[in-house]
Amino acid sequence: HAAELSEPRAKALWSACTLALIQGDYVAARDLLEQSRALREAQGDKLGVADTLNGLGNVARREGDLAAPRDDYEGRLKPRSDLGDKHGIASALNNLGATRIMLRNFHLAQQAAEESLVIWKQIEDPAEVGRACSYSLLGVALHNSGARTAAGNDLPTDLSTGRQA
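Predicted model, so just to flag it, every value in this text is computed and none were measured. Chains are numbered independently. Their residues run from 1 in the order of the written sequence. Given that the model is predicted, a residue must reach a pLDDT of at least 70 before its local features are reported, and side-chain atom pairs must reach 80 or more before they are shown or counted; all residues, however, enter totals for whole chains, interfaces and linings. The side-chain values count all of the structure's non-hydrogen atoms but skip hydrogen atoms and water molecules.

1. With respect to unusual backbone geometry
One non-glycine residue, arginine 104, lies in positive phi territory at about 65°. By the criteria applied, helices consist of DSSP H or I runs no shorter than four residues and strands consist of E runs no shorter than two, each listed in order from the N terminus. Within the secondary structure, arginine 104 sits in the loop between helix H5 (86–102) and helix H6 (106–122). Residue classification places arginine 104 among the exposed positions, given a relative accessible area of 59%. Throughout this description, buried means an accessible area under 20% of the type-specific maximum (1.4 Å probe, protein chains only), exposed means over 50%, and partly exposed covers the range between.

This is the structure:
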């Protein structure tokens, strides 16, 4: 019976975390995510654990801690990779790229953006949000590393048509 209640409880904790984030209560958000992660780990839910790691990374990044999100996002990559979840991998790479930009490590941010872009091009992304995020991160990374020409050549101006600038 306890196992039956764990899944809805983990989802409820995730939802409560979202509300805490909206309210700016990062301490509560972190606590709720840790509780959710413990339930997911007890269930052997690798994808759920990966999602909570991503959430913990987002909380840490909002708090200004840039080392923890990097570790959390990198921790999210392995279970997603093991399970073949390309959407989750691409999303984690985008988050990792954004964190690397904040750390001013533009070369590694560029690598993460390029890796995620390859994946987004392979999978269905109907709204092209993931691809747009990857292009944005790539442009910021290239621009800040002094590779403005490459950014202009690689980035479409209109993602809905794919036309080049």
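2. Details of H6
Each residue after the first adds 1.5 Å to the expected span of a helix. For H6, which comprises 17 residues, the first-to-last C-alpha distance of 24 Å matches the rise-based estimate of 24 Å (1.5 Å per residue) to within 8%. By the burial criterion, the buried members of H6 are Phe106, Ala109, Gln110, Ala112, Ala113, Ser116, Leu117, Ile119 and Trp120. In this structure, the buried side of H6 is in contact with H5 and helix H7 (129–144). Whether two residues are in contact is decided by their heavy atoms, any of which lying within 4.5 Å being enough.

3. Digging into the packing of H5 against H6
The axes used here are C-alpha line fits, helices contributing only the stretch in contact, and every angle between their N-to-C directions lies in the interval 0 to 180 degrees. Where H5 contacts H6, the axes come no closer than 8 Å and their chain directions differ by 160°. Considering the angle they form, H5 stands roughly antiparallel to H6. As H5 runs across H6, the sense of the crossing is left-handed. Contacts from Lys86, His87, Ile89, Ala90, Ser91, Leu93, Asn94, Gly97, Arg100 and Ile101 in H5 reach Phe106, Leu108, Ala109, Ala112, Glu115, Ser116, Ile119, Trp120 and Gln122 in H6. By residue class, the composition of the contact of H5 with H6 is ten nonpolar, six polar and three charged. Roughly parallel covers angles under 35 degrees, roughly antiparallel covers those over 145, roughly perpendicular covers 65 to 115, and oblique covers all other angles. A clockwise turn of the near helix away from the far one marks a right-handed crossing, whereas an anticlockwise turn of less than a right angle marks a left-handed crossing. Residues are grouped as follows: Ala, Val, Leu, Ile, Met, Phe, Trp, Tyr, Cys and Pro are nonpolar; Asp, Glu, Lys and Arg are charged; every other residue, Gly included, is polar.

4. Things to note about the packing of H5 against H7
Between H5 and H7, the least distance of the axes is 10 Å, while the angle of their chain directions is 25°. Here H5 is positioned roughly parallel relative to H7, judged by the angle of their axes. For the pair H5 and H7, the sense of crossing is left-handed. Contacts between H5 and H7 involve Asn94, Gly97, Ala98 and Ile101 from the first element and Gly130, Cys133, Ser134, Leu137, Val140 and Ala141 from the second.

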